[in-house]
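Structural overview for review
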Amino acid sequence: MPQDGFVDAVDARILLELAEHPRATTLAIADRAGISRNTAQTRIARLEAGSLDSFERRISPAALGYPLTAFITAQVTQRLLDEVAAALAGVPEVLEVQGISGPVDLMVHVVARDADDLYRIAGLILAIPGVERTNTALVMRQLVDYRIKPLLHQAAGPG
C-alpha cells in the first residue's frame, strides 16, 4: 500500500469500481478489483481519509435552480489574498476558487439563477475588500464534463 499519498494501481482499480458502482458493497468492490475484502476495506478507508473528493460534484447546480455557470477572474491585493478567499467562501454561489498564475490572481467558478443574478454575484465579488478588478465569462456550453476515469484507467495499468 503506498505511503506517499499517491494512488497506486490497486487503489486506481478500487476507485474505478467506486466511480462505476458508487453503491457497491466493499465485498463487491474487492471482488471486481481482484483483491481481498480486508484489503479493499483498508484501502477504501485510507482513500476516504485523503484522496476521495466530496460527492458534491455529483449534484448539478441546475437541479438546484442555478442553470448559469460563469468564471470570474479577479485581480486582488496580494496581502489580502486570505481575506478575499475567506469572503469568497462565504458566497453560496461560488463553487470553487483557484489561485492562478498570469495577469489575474483568482479564477472563481460561480453559478447563477439568471443574468440578473449573475450581475448581483459579480457585484458581490467586486465589492470584497482587496478585489481590485474582475472579468466575467459566461459558460455557453460544457463540452467535456468533469472526469477522472481516464486518469484512473491510466493509473490502473493494463488489465
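Residues numbered from 1 in each chain as written. Predicted model: local features only at pLDDT ≥ 70, side-chain atom pairs only at ≥ 80, totals over all residues. Heavy atoms only, no water.

Looking at an unreviewed UniProt entry, one finds the protein named DNA-binding Lrp family transcriptional regulator and attributed to Amycolatopsis thermoflava.

**Points about helix α2 (residues 26-33)**
Taken residue by residue, α2 has Ile29, Ala30 and Ala33 as its buried positions. The buried side chains of α2 occupy one side of the element, clustering within an arc of 100° when seen end-on. Residues of α2 that are exposed and angled more than 90 degrees away from the buried face: Leu27 and Asp31. One or two positions beyond α2, positive phi appears at Gly34, with a value near 75°. (Buried < 20%, exposed > 50% of the residue type's maximum accessible area, 1.4 Å probe, protein only. Helix = DSSP H or I, 4+ residues; strand = E, 2+ residues; numbered from the N terminus. Arc of directions from axis to C-beta.)

**As for the pairing of strand β3 (residues 106-112)**
The buried count for β3 comes to 6 of 7 residues, which makes it a mostly enclosed element. Sheet topology note: the strand β1 (residues 68-76)/β3 ladder contains 7 bridges and is antiparallel. When the sheet's bridge partners are listed, Leu68 is paired in β3 with Ala112. Two elements, strand β2 (residues 94-99) and β3, share 5 bridges in a ladder whose sense is antiparallel. Paired with Val97 across the bridge in β3 is Val108. As consecutive antiparallel partners, β2 and β3 are separated by 6 residues, and within that stretch Gly102 has a phi angle of approximately 115°, a positive value. (Pairing = 2+ DSSP bridges.)

**Regarding the UniProt feature "domain: Transcription regulator AsnC/Lrp ligand binding" (unreviewed entry) in the protein**
Mapped onto this numbering, the UniProt entry annotates "domain: Transcription regulator AsnC/Lrp ligand binding" (unreviewed entry) at residues 75-142. Its end C-alpha atoms 25 Å apart, residues 75-142 is made of 31% helix and 34% strand. (UniProt positions renumbered as here; feature names shortened; annotations may be inferred.)

**Some points on the domain arrangement of the protein**
Quite often, the size of an interface is put as the accessible area lost when its parts meet. Looking at the assigned domains, one finds that the protein contains domain 1 (9-52) and domain 2 (61-138). Computed over C-alpha atoms, the centres of domain 1 and domain 2 are 36 Å apart. (Domains from an automatic or database assignment.)

**Looking at the packing of helix α1 (residues 9-20) against α2**
Describing two packed helices takes the angle between their axes plus the distance from one axis to the other. In contact at an axis separation of 9 Å, α1 and α2 are set at 125° when each is read in the N-to-C sense. Of the possible angle classes, the one that applies to α1 and α2 is oblique. Between α1 and α2 lies a crossing whose hand is right-handed. Contact residues: α1 offers Arg13, Ile14, Glu17 and Leu18, while α2 offers Ile29, Arg32 and Ala33. Partitioned by chemical class, the residues of the contact of α1 with α2 number 4 nonpolar, no polar and 3 charged. (Axes fitted to C-alpha atoms, helices over the stretch in contact; angles between N-to-C directions. Parallel < 35°, antiparallel > 145°, perpendicular 65-115°, else oblique. Left-handed = near helix turned anticlockwise from the far one by under 90°. Contact = heavy atoms within 4.5 Å. Nonpolar A, V, L, I, M, F, W, Y, C, P; charged D, E, K, R; others polar.)

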